[in-house]
Amino acid sequence: QVQLVESGGGLVQAGGSLRLSCAASGRTFSSYAMGWFRQAPGKEREFVAAISWSGGSTYYADSVKGRFTISRDNAKNTVYLQMNSLKPEDTAVYYCAADRVWAADRPSRAIERYDYWGQGTQVTVSS
């Protein structure tokens, strides 16, 4: 059983920064891609960013490209999401997720590719 625990959410003013962390346990973390998704009230969960098992490949949603950075530390079994220049429209619950495919060549944007999810952390950006 894989456990993912997010932290680092909070309330920030527009233009500010936050760094989310996701600590993983229960599976060989370094062999799986990881992703960040978010869900705003009344909206579907959407892709934010993903990183390959090695950290060599990253993908971003167009809405966050240039502002957010995903990274991972396999020695600490942790994936991060650095969020800069935050906007009110970034307000959502942010979830980390683990890919179901072992050592996939590319991380995926598809929500159905991820089989383990954290409980989420709230990010609120005030205008």
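Here the structure is shown first, and the text comes after it.
Residues numbered from 1 in each chain as written. Predicted model: local features only at pLDDT ≥ 70, side-chain atom pairs only at ≥ 80, totals over all residues. Heavy atoms only, no water.

**Describing the sheet that holds strand E1 (residues 3-7)**
Inference 1: Overall, antiparallel pairing links the four strands, which are arranged E1-E3-E8-E7 in an open sheet. Either end of the sheet is taken by a strand with one partner, and the two such strands are E1 and strand E7 (68-73). Across the sheet, the axes of successive neighbouring strands diverge by a mean angle of 15 degrees, strand direction being ignored. (Pairing = 2+ DSSP bridges. Helix = DSSP H or I, 4+ residues; strand = E, 2+ residues; numbered from the N terminus. Axes fitted to C-alpha atoms, helices over the stretch in contact; angles between N-to-C directions.)

**Remarks on the pattern of salt bridges**
Inference 1: Applying the stated criterion across every chain, the model contains six salt bridges.
Inference 2: For Asp 90, the salt bridge goes to Arg 67, with nearest N and O atoms at 2.7 Å. Of this pair, Asp 90 sits in the loop between strand E8 (78-83) and strand E9 (92-102) while Arg 67 sits in the loop between strand E6 (58-60) and E7, and the two are 23 residues apart along the sequence.
Inference 3: Relative accessible area serves as the criterion here: at 11%, Arg 67 is assigned to the buried category.
Inference 4: Through salt bridges with shared partners, a single network forms among Arg 38, Glu 46, Arg 67 and Asp 90. (Salt bridge = Lys/Arg side-chain N within 4 Å of Asp/Glu carboxyl O. Buried < 20%, exposed > 50% of the residue type's maximum accessible area, 1.4 Å probe, protein only.)

**Section: the packing of aromatic side chains**
Inference 1: Summed over all chains, the structure comprises four aromatic pairs.
Inference 2: Residues Phe 37 and Tyr 114 carry aromatic rings whose centres are separated by 5.2 Å and whose planes lie at 75 degrees to one another, so their mutual orientation is edge-to-face. Highlighted residues: Phe 37 in strand E4 (residues 32-39) and Tyr 114 in strand E10 (residues 114-117), separated in sequence by 77 residues. Of the two residues, Phe 37 and Tyr 114, neither departs from the other in class, the shared state being buried.
Inference 3: Taking 5.0 Å as the distance between ring centres and 55 degrees as the angle between the ring planes, the aromatic pair formed by Phe 37 and Trp 117 counts as tilted. Of this pair, Phe 37 sits in strand E4 while Trp 117 sits in strand E10, and the two are 80 residues apart along the sequence.
Inference 4: Accessibility expressed as a relative area gives 1% for Phe 37, which makes it buried.
Inference 5: Pairwise contacts between aromatic rings join Phe 37, Phe 47, Tyr 114 and Trp 117 into one cluster.
Inference 6: Above the plane of the ring of Trp 117 lies Arg 45, whose end atom (NZ or CZ) is 4.9 Å from the centre. (Phe/Tyr/Trp six-rings, centres within 6.5 Å; stacked < 30°, edge-to-face > 60°. Lys NZ or Arg CZ within 6 Å of the ring centre and 35° of its normal.)

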